[in-house]
Amino acid sequence: MTPQGNPAPRIPVLLYHAVMDDPPAWIAEFTVTPGQFAAHLDAVVASGRTPVTVGALAGRLTGGTALPPRPVVLTFDDGFADLPGPTAEALAERALPATAYLTTGAIAPGDGSLLPPAPMMTLAQVPSLERHGLEVGGHTVTHAQLDTLRPSQLDRELRESKVVLEDVLGHEVTHLAYPHGYNSRAVRRAARRAGYASAVAVRHALSSETDDSYRIARLIVRRGHTVADVEAWMAGEGARAAPFPDSAATVGWRLYRRTRAMVKGPQFAG
């Protein structure tokens, strides 16, 4: 609640993956076509909201930095091949900033990744994202379920991906996305220790100015979402607002996945 007793303004943080016409089956549910994407962006512009980066939102959550009255945040996970090309160009054409979270093992040859095969961008293309106005964040090395890893494995996922991106960009990378949103108190503490200033989850919810800076809520965009869905989110409707505690189902699912990882090893978060 705000000091006046009113609910904190709702902030839509949209999560996109691939933008393509013919995606691999494993990511198809979380892919939109270029035509859908253009229509979504036009709905964002028409809403009158001001797009900002996750860095700007995190600045508000952690330090009180002012945001525009009606912000919206656009994010992209993994680093699919469309991102540095038509997707970044569509954003730049509309002067829309965004934040891209990159899985370094999927875009750097030989680094290893749990992501199934798909057309991916390359590490050499990462600086071009910033030239198009995108903020770059980390999305681990392999895209594992972070809340099931041993401390040493978790530390590697967080720190090595950060170093790889910082080496190619020439500056610090301070924002993180948990693969598939999977996190826990231990994971959030590890993210802070690794030098990240913020981290985004999924949560299928709107964010707010009182959200947790180490599990910022996002709305995952699926292929079945329409312009009407985007318009509802821009109006602050269609989902509840964070922060809120994990449900019993979420906690139970985490315990099951941890047990499975103890037997089978790190699993793909997806």
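Residues numbered from 1 in each chain as written. Predicted model: local features only at pLDDT ≥ 70, side-chain atom pairs only at ≥ 80, totals over all residues. Heavy atoms only, no water.

Asks: When you look at the overall build of the protein in this model, what are you seeing that I'm missing?
Replies: For the protein, the helix and strand inventory stands at 9 helices and 10 strands. Its C-alpha atoms give the protein a radius of gyration of 17 Å, near enough to 18 Å, the size a compact globule of 270 residues would have. When its C-alpha atoms are laid out on the principal axes, the protein stretches across 45 × 40 × 35 Å. Scored against the burial criterion, the 270 residues of the protein give a buried share of 51%. Considering only contacts within the protein whose residues lie at least 6 apart along the sequence, 68% involve residues at least 24 apart. Where the 26 positive side-chain charges of the protein centre and where its 26 negative ones centre are 10 Å apart. (Helix = DSSP H or I, 4+ residues; strand = E, 2+ residues; numbered from the N terminus. Rg over C-alpha atoms; globule rule 2.2 N^0.38 Å. Buried < 20%, exposed > 50% of the residue type's maximum accessible area, 1.4 Å probe, protein only. Contact = heavy atoms within 4.5 Å. Lys, Arg positive; Asp, Glu negative; His and termini not counted. Charge placed at Lys NZ, Arg CZ, Asp CG, Glu CD.)

Asks: Before we go on, may I ask you to explain helix α6 (residues 151-169) in this structure?
Replies: At 3.6 residues per turn, the α-helix brings residues three or four places apart onto the same side. Given a rise of 1.5 Å per residue, 19 residues ought to cover 27 Å, and the 27 Å separating the end C-alpha atoms of α6 matches this to within 8%. Of all the residues in α6, the buried ones are Leu154, Glu157, Leu158, Ser161, Lys162, Leu165, Glu166 and Leu169. For α6, the angular spread of the buried residues around the axis is 135°, confining them to a single face. Of the exposed residues in α6, the ones pointing more than 90 degrees away from its buried face are Ser152 and Asp167. On the buried face of α6, the contacting elements are β5 (98-102), α4 (104-107), α5 (126-131), β6 (134-138), β7 (175-177) and α7 (185-193). (Expected span 1.5 Å × (residues − 1). Arc of directions from axis to C-beta.)

Asks: Is there a simple way to think about the layout of surface pockets in this case?
Replies: Remark: the empty space left among the atoms is shown by a probe the size of a water molecule rolled over them. The computed volume of the largest pocket comes to approximately 670 Å³. Surrounding the largest pocket, 35 residues form its lining, His180, Tyr182, Val202, Arg203 and His204 being those nearest its centre. At the level of secondary structure, the elements contributing two or more residues to the lining of the largest pocket comprise β4 (71-78), β8 (198-203), β10 (216-220) and α9 (248-264). In terms of residue count, α9 provides more of the lining of the largest pocket than any other element does, 4 residues in total. (1 Å grid on protein atoms, 1.4 Å probe; cavity = no way out; pocket = protein on both sides within 12 Å on 5 of 7 lines; lining within 4 Å. Points joined across faces, edges and corners; volume = space filled by probe spheres on them.)

Asks: What exactly am I supposed to notice about the side chain of arginine 188 here?
Replies: Mapped onto the fold, arginine 188 is located in helix α7. Aspartate 212 provides the closest opposite charge to the buried, salt-bridge-free arginine 188, at an N-O distance of 4.2 Å. Here the side chain of arginine 188 touches asparagine 183 through a polar contact of 2.5 Å, side chain to side chain. Those residues in contact with arginine 188, other than ones at most four positions away along the chain, are Tyr178, Asn183, Asp212, Tyr214 and Arg215. (Salt bridge = Lys/Arg side-chain N within 4 Å of Asp/Glu carboxyl O. Polar contact = N/O pair within 3.5 Å; in protein donor to acceptor, adjacent residues only side chain to side chain.)

Asks: Help me understand the pairing of β4 in this model?
Replies: Side chains on a regular strand alternate between the two faces of the sheet. Burial analysis of β4 places 8 of its 8 residues in the buried class, which makes it a mostly covered element. Judged from the 4 bridges that link them, strand β2 (residues 13-16) and β4 form a sheet pairing that is parallel. Along β4, the bridge assignment pairs tyrosine 16 with phenylalanine 76. Two strands pair when backbone bridges link them, and strand β3 (residues 50-52) and β4 are joined in this way by 3 bridges, in the parallel orientation. (Pairing = 2+ DSSP bridges.)

Asks: Before we go on, may I ask you to explain the pattern of salt bridges in this structure?
Replies: Two side chains carrying opposite charge are able to pair once their charged atoms lie near each other. Summed over all chains, the structure comprises 16 salt bridges. Of the charged contacts in the structure, one is a salt bridge between arginine 94 and aspartate 42, with a shortest N-O distance of 2.8 Å. Here arginine 94 is found in the loop between α3 (83-93) and β5, whereas its partner aspartate 42 is found in helix α1 (residues 34-46), with 52 residues between them in sequence. Between aspartate 212 and arginine 215 there is a salt bridge, and its shortest N-O distance comes to 3.8 Å. The exposure class assigned to arginine 215 is buried, which follows from its relative accessible area of 13%.

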